[in-house]
Each structure stands twice: as structure tokens, then as C-alpha cells.
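Here is what each chain is made of, one letter per residue.
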Amino acid sequence: MASIAVYSVKGGVGKTTLAVNLAWISATISRRKTLLWDLDASNGSGFLLGVDARKKRSADSVFLRDGDPEKLIRATAYPGLDLLPADESIRALDRQLGELGKKRRIARIAEGLGKRYERIIFDCPPVLGELSAQVMRAADLVIVPLPPSPLSARAFEVVVEEVRGHGKGHPPILPVLSMLDLRRSLHKAAREANPAWPVIPLASAVELCAVEQRPLGAFAPRSPAARAMAGLWTAIEKKLASRKGDK
Ligand SMILES: Nc1ncnc2c1ncn2[C@@H]1O[C@H](COP(=O)(O)OP(=O)(O)OP(=O)(O)O)[C@@H](O)[C@H]1O
Ligand SMILES: [Mg+2]
């Protein structure tokens, strides 16, 4: 099993959209049994996949009361893709995990889930704290979507510093220029300054995911954005393979 976190302290940079689309590609194109693990109380991943929220709000039981994650996991409309949904009950998870004092709680749960899944993708909330520290301990790779700007490189350094601050031996971090619009000169400059970074274009097809409540591949598979997502997934798999080769 390999786990991938989509993370940034910035809100609205495309984390949930990326997490959902990458999870779909992992399950459908790479045919890997995949779990999308929503750690944001607003349950955006569940919404984008059209999975109805449960009436009973019990997502916190997984973290705080030795609850069985298997009981909360929901199948999606897509073979090979399951969702561990979030709900309002995890709104205070950051503080509660700190109080619990088990630093590898999320890593341990993920290890257990690794028996059933080949890929786990974390959709993180835009918060820096105990929750993000735990995700960094659990993840093999961190994807950081960055809005294109002259400050993209600086923004990326900030995230790297944050992740480093979580302790030695952090996972590798892959920056992604999200919402790139090459008609804008500042976006173009950001692209030219960081030519090796994967790119997701600014596209109405991506926005439509929230209207369709389906991943891009399910309704616009030939769109440039869908291709960019697939290209990003290939880069992720390569990075995971090279890392495993290191060991
Ligand atoms: N490549 C893109 N092109 C156009 N719109 C996009 C793109 N990526 C994301 N969006 C839109 O930007 C908005 C924010 O995206 P998303 O919810 O994925 O961000 P987020 O980082 O998860 O936000 P939060 O921090 O609130 O969890 C959504 O309306 C989404 O449809
Ligand atoms: Mg989100």
C-alpha cells in the first residue's frame, strides 16, 4: 500500500478536486484498489463523488474511540474506489488528536487499511496542526497544489518548512501548479519559473465536477484537464516507485 496526501494550509487551492480525481484515476485507470479518505469535516470528497452523507455523524469514532473504519467506509459508483467519509463530528479533530497523545494514530489506521487497499489518498483540510502532522507521518508522498503566481516557489518553500517542522524524515513533496491559465502573464511566468512542476489547467470542466458530482474522467475523459490529471497520476506513481526502489 502507498498513501498520498493532498495538502496545503491554503484554502480553495483545489485539494479536494485533485484528491477525488486522482483517486478515480488510481481505481479506474491504474486499477488499484483505492480508498479516498476525507479528513475535512465539510465532506467535500463525498459530495464530489455523489456519496450521500450519513445521518448519523460518527466519523470521529474512527480516530477517537477505536472505532472500526471498515464500518464507515462506503462504496462509490466506481469499481475499486471506496470512500472513508468525513462529517461534522471531526470538526475538532485537530485538538482531540492532540489530547489523545497518540502521534501515529492515523498512520496506524492507514497501515491496517493497507491490507484491503493498494492506494490511500488523504483529502486534508487547510489546517496546520496535529492532524496535518499525523497525515505527514502516514503519507508516502505529499501533493501540494499551488496557485500560479510569482510567489509560487516561495509558497512551496513555506509548505516544505511546515512539513519539516513536523519532525525529521518527512515524506517527499510534489508541488503542482493548479488552476494554471496561460493567457495570464503572471501564470505564464510562474510556469516558466517552475518548468518541472506538474500542471493542472484552470478549466470549466474541472469546476463542473461539483455540478456533475462526478470525477472528470466520468464525464469529460478527453478534456485537457482530465489528461493533465492522468499525467499527474503517472508522475505520482513514478515518484512512489523510485522511492520504493531507494529502500
Ligand atoms: N483546475 C481548476 N480549474 C477551475 N476550477 C477549479 C480547478 N481546481 C479547483 N477548482 C475550483 O476551485 C474551487 C475550490 O476547489 P477545492 O474545493 O478542490 O479546493 P480545496 O483546496 O479543497 O478547498 P478547501 O481548502 O476549502 O478544502 C472549487 O469551486 C473548484 O471547482
Ligand atoms: Mg477541500
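Anything mentioned here points back to the structure above.
All values reported here derive from a predicted model rather than from experimental measurement.

**Brief notes about the overall build of the protein chain**
Step number 1: Tallying secondary structure elements over the protein chain gives 12 helices and eight strands in all.
Step number 2: Relative to a compact globule of 247 residues, whose C-alpha radius of gyration would be 18 Å, the protein chain shows 17 Å and is just as compact.
Step number 3: On the principal axes, the C-alpha backbone points of the protein chain span a range of 50 × 40 × 35 Å.
Step number 4: The burial tally for the protein chain puts 42% of its 247 residues in the buried class.
Step number 5: Within the protein chain, counting contacts between residues at least 6 apart in sequence, those at least 24 apart form 74% of the total.

**A look at the site of ligand 1**
Step number 1: Of all residues adjacent to ligand 1, which total 18 residues, the nearest are Gly11, Gly14, Lys15, Thr16 and Thr17.
Step number 2: Mapped by element, the contributors of at least two residues to the shell around ligand 1 are α1 (15-28), β7 (173-180) and α10 (204-212).
Step number 3: Across the shell around ligand 1, the residue classes break down as eight nonpolar, seven polar and three charged.

**Examining the environment of alanine 133**
Step number 1: As for its placement among the helices and strands, alanine 133 is situated in helix α7 (residues 130-138).
Step number 2: The class for alanine 133 is buried, based on 21 C-beta atoms found within 10 Å.
Step number 3: Separated by 27 residues in the primary sequence, alanine 133 and isoleucine 106 place their C-alpha atoms 9.8 Å from one another.

**Comments concerning the sheet that holds strand β5 (residues 119-123)**
Step number 1: Read across the open sheet, the eight strands follow the order β3-β4-β2-β5-β1-β6-β7-β8; overall the sheet is mixed. Edge positions in the sheet fall to β3 (74-75) and β8 (199-201), since each of these pairs with one other strand and no more.
Step number 2: Summarising the sheet, β7 and β8 pair through two bridges and their orientation is parallel. Counterpart to leucine 180 in the pairing with β8 is proline 201.

**Regarding the nonpolar core**
Step number 1: Among the nonpolar cores identified, the biggest contains 69 residues, and Ala5, Ile121, Phe122, Val135 and Met229 are the most heavily contacted of them.
Step number 2: In terms of residues, this core owes the most to one element, α1, which gives eight residues.
Step number 3: With sequence-adjacent residues up to four places away left out, isoleucine 121 is seen in contact with Ile4, Val6, Ala19, Leu22, Ala23, Ser26, Thr34, Leu36 and Trp37.

**Some points on the packing of helix α6 (residues 105-113) against α7**
Step number 1: As a packed pair, α6 and α7 sit with axes 7 Å apart at the nearest point and diverge in direction by 40°. The angle between the axes of α6 and α7 places the two elements in the oblique class. Seen from above, α6 lies across α7 with right-handed handedness. Of α7, the residues touching α6 (which contributes Arg105, Ile106, Ala107 and Ala110) are Gln134, Val135, Arg137 and Ala138.
Step number 2: Split into classes, the residues belonging to the contact of α6 with α7 amount to five nonpolar, one polar and two charged.

**Some points on the packing of helix α5 (residues 93-100) against α7**
Step number 1: At their nearest, the axes of α5 and α7 sit 7 Å apart, and the two run at 70° to each other. Viewed along their axes, α5 and α7 adopt a mutual orientation that is roughly perpendicular. On the side of α5, the interface is formed by Leu93, Asp94, Leu97 and Gly98, while α7 contributes Glu130, Leu131 and Gln134.

**Digging into the pairing of β7**
Walk down a regular strand and you will see the side chains alternate between the two sheet faces.
Step number 1: Burial analysis of β7 places seven of its eight residues in the buried class, the great majority of the element.
Step number 2: When strand β6 (residues 141-146) meets β7, the two strands line up parallel, connected through five bridges. Paired with leucine 146 across the strands is leucine 177, a residue of β7.
Step number 3: For the handedness criterion, the β-α-β arrangement of β7, helix α9 (residues 185-193) and β8 is classed as right-handed.

**Brief notes about unusual backbone geometry**
Step number 1: A positive phi angle is found at methionine 179, which is not glycine, with a value near 60°.
Step number 2: Mapping methionine 179 onto the fold places it in strand β7.
Step number 3: A positive phi angle, near 50°, is found at glutamine 213, a position not held by glycine.
Step number 4: Positionally, glutamine 213 belongs in the loop between α10 and α11 (216-219).
Step number 5: Residue classification places glutamine 213 among the partly exposed residues on the basis of 17 C-beta atoms within 10 Å.

What counts as what
- The residue numbering used here restarts from 1 in each chain and proceeds along that chain's sequence as written.
- Key to labels: chains lettered from A, ligands numbered from 1, both in the order written.
- Only residues with pLDDT of at least 70 get local features here, since the model is predicted, and only at 80 or more are side-chain atom pairs given and counted; chain-wide, interface and lining totals rely on the full set of residues.
- Put simply, DSSP H or I for four residues or longer makes a helix, DSSP E for two residues or longer makes a strand, and each gets a number counted from the N terminus.
- Using C-alpha atoms as the atom set, the radius of gyration is obtained and then compared with a globule rule of 2.2 Å times the number of residues to the power 0.38.
- To sort residues by burial, count the other C-beta atoms lying within 10 Å of each one's C-beta; a count of 20 or more means buried, 12 or fewer means exposed, and anything in between means partly exposed. C-beta atoms are built from the backbone.
- What counts as a contact here is a pair of residues whose C-beta atoms, placed from the backbone, lie within 7 Å.
- By definition, a residue lies near a molecule or strand when the C-beta atom built from its backbone is within 6 Å of it.
- Basically, the charged four are Asp, Glu, Lys and Arg, the nonpolar ten are Ala, Val, Leu, Ile, Met, Phe, Trp, Tyr, Cys and Pro, and anything else, Gly included, counts as polar.
- At least two DSSP bridges between two strands are needed for those strands to be called paired.
- Any set of buried Ala, Val, Leu, Ile, Met, Phe, Trp, Tyr and Cys residues joined through C-beta atoms within 7 Å is what this text calls a nonpolar core.
- Axes, fitted as lines to C-alpha atoms, cover a helix only where it is in contact. Angles between the N-to-C directions of the axes lie from 0 to 180 degrees.
- Geometric relationships in this document are graded by angle, where less than 35 degrees denotes roughly parallel, more than 145 denotes roughly antiparallel, 65 to 115 denotes roughly perpendicular, and other angles denote oblique.
- Working rule for handedness: look at the near helix, and if it is turned counterclockwise from the far one by less than a right angle, call the crossing left-handed; if clockwise, right-handed.
- Looking down the strands as they point away from you, a crossover is right-handed if its path from the first strand over the helix to the second goes clockwise.

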